[in-house]
Amino acid sequence: MIHAHWDNGGFGTTTQIVGTKVGGGTFDLNYFVLTSNTVHGGGAADGSERVYITHDGGLDPILLPSEDWGFPATQIFLPSSYDNISSFEFHPESPVACFGMDEFYIDQAAPPSVPDTGSTLTLFGLGIISLARLKRRFK
């Protein structure tokens, strides 16, 4: 888990986060969970948050989504361009107070995608409706 307060967000002094392999060498970064990316410390994101992940000194920048503080969190699946890298970096281009990540998958396959809560509830509701219709048909 990594949690930081960016210097441009008014709560901290972090300017960049860099991850490397202990002892050097390359690795695959396949996945992580974004637990916060918000301009409002400990609160909701407003969509203005612009934090990027790059690798090896700025290659393949990916804009991360805004994310309210806490859970549920957003799954981040990285493309194959993040395989065989020597470092990854996070850096903000707009004010962001709270930034957090968890569940890094390094040198292992990413987990299966989990539907967001809204999708899960929708699917559950559709299943209940379908069962109710089937029950009426067979009465």
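Note that the structure is a prediction, hence the values are computed from the model and not measured.

Inspection of the secondary structure puts Asn84 in the loop between strand E6 (74-77) and strand E7 (87-92). Here Asn84 falls in the exposed class, since its relative accessible area comes to 55%. In this structure the C-alpha to C-alpha distance between Asn84 and Gly25, which are 59 residues apart in sequence, comes to 8.8 Å. Dropping the residues within four chain positions of it, Asn84 is found in contact with Thr26, Phe27 and Asp28. Separated by 2.7 Å, the side chains of Asn84 and Thr26 make a polar contact.

All chains considered together, the criterion is met by nine aromatic pairs. Summarising the aromatic geometry, the rings of Trp6 and Phe99 are spaced 5.5 Å apart at their centres and angled 50 degrees between planes, so their arrangement reads as tilted. A residue pair is termed long-range when its members are at least 10 positions apart, and Trp6 in the loop between strand E1 (2-5) and strand E2 (17-20) and Phe99 in strand E8 (residues 98-106) qualify at 93 residues. We classify Phe99 as buried; its relative accessible area is 0%. Through a chain of ring-to-ring contacts, the aromatic side chains of Trp6, Phe27, Phe32, Phe88, Phe90, Phe99 and Phe104 assemble into a single cluster.

A few words now on the nonpolar core. Ranked by internal contacts, the top residues of the largest apolar core, which has 19 residues, are Phe32, Ile53, Leu64, Phe90 and Phe99. At the level of secondary structure, the elements contributing two or more residues to this core comprise strand E3 (29-38), strand E4 (51-55), E7 and E8. Looking at this core, the element that brings in the most residues is E3, giving three residues. Among all residues touching Phe32, those that are not within four sequence positions of it are Ile53, Leu64, Thr74, Gln75, Ile76, Leu78, Phe90, Met101, Asp102, Glu103 and Phe104.

Definitions and cut-offs
- Residues numbered from 1 in each chain as written.
- Predicted model: local features only at pLDDT ≥ 70, side-chain atom pairs only at ≥ 80, totals over all residues.
- Heavy atoms only, no water.
- Helix = DSSP H or I, 4+ residues; strand = E, 2+ residues; numbered from the N terminus.
- Buried < 20%, exposed > 50% of the residue type's maximum accessible area, 1.4 Å probe, protein only.
- Contact = heavy atoms within 4.5 Å.
- Polar contact = N/O pair within 3.5 Å; in protein donor to acceptor, adjacent residues only side chain to side chain.
- Phe/Tyr/Trp six-rings, centres within 6.5 Å; stacked < 30°, edge-to-face > 60°.
- Core = buried A, V, L, I, M, F, W, Y, C linked by side-chain atoms within 4.5 Å.

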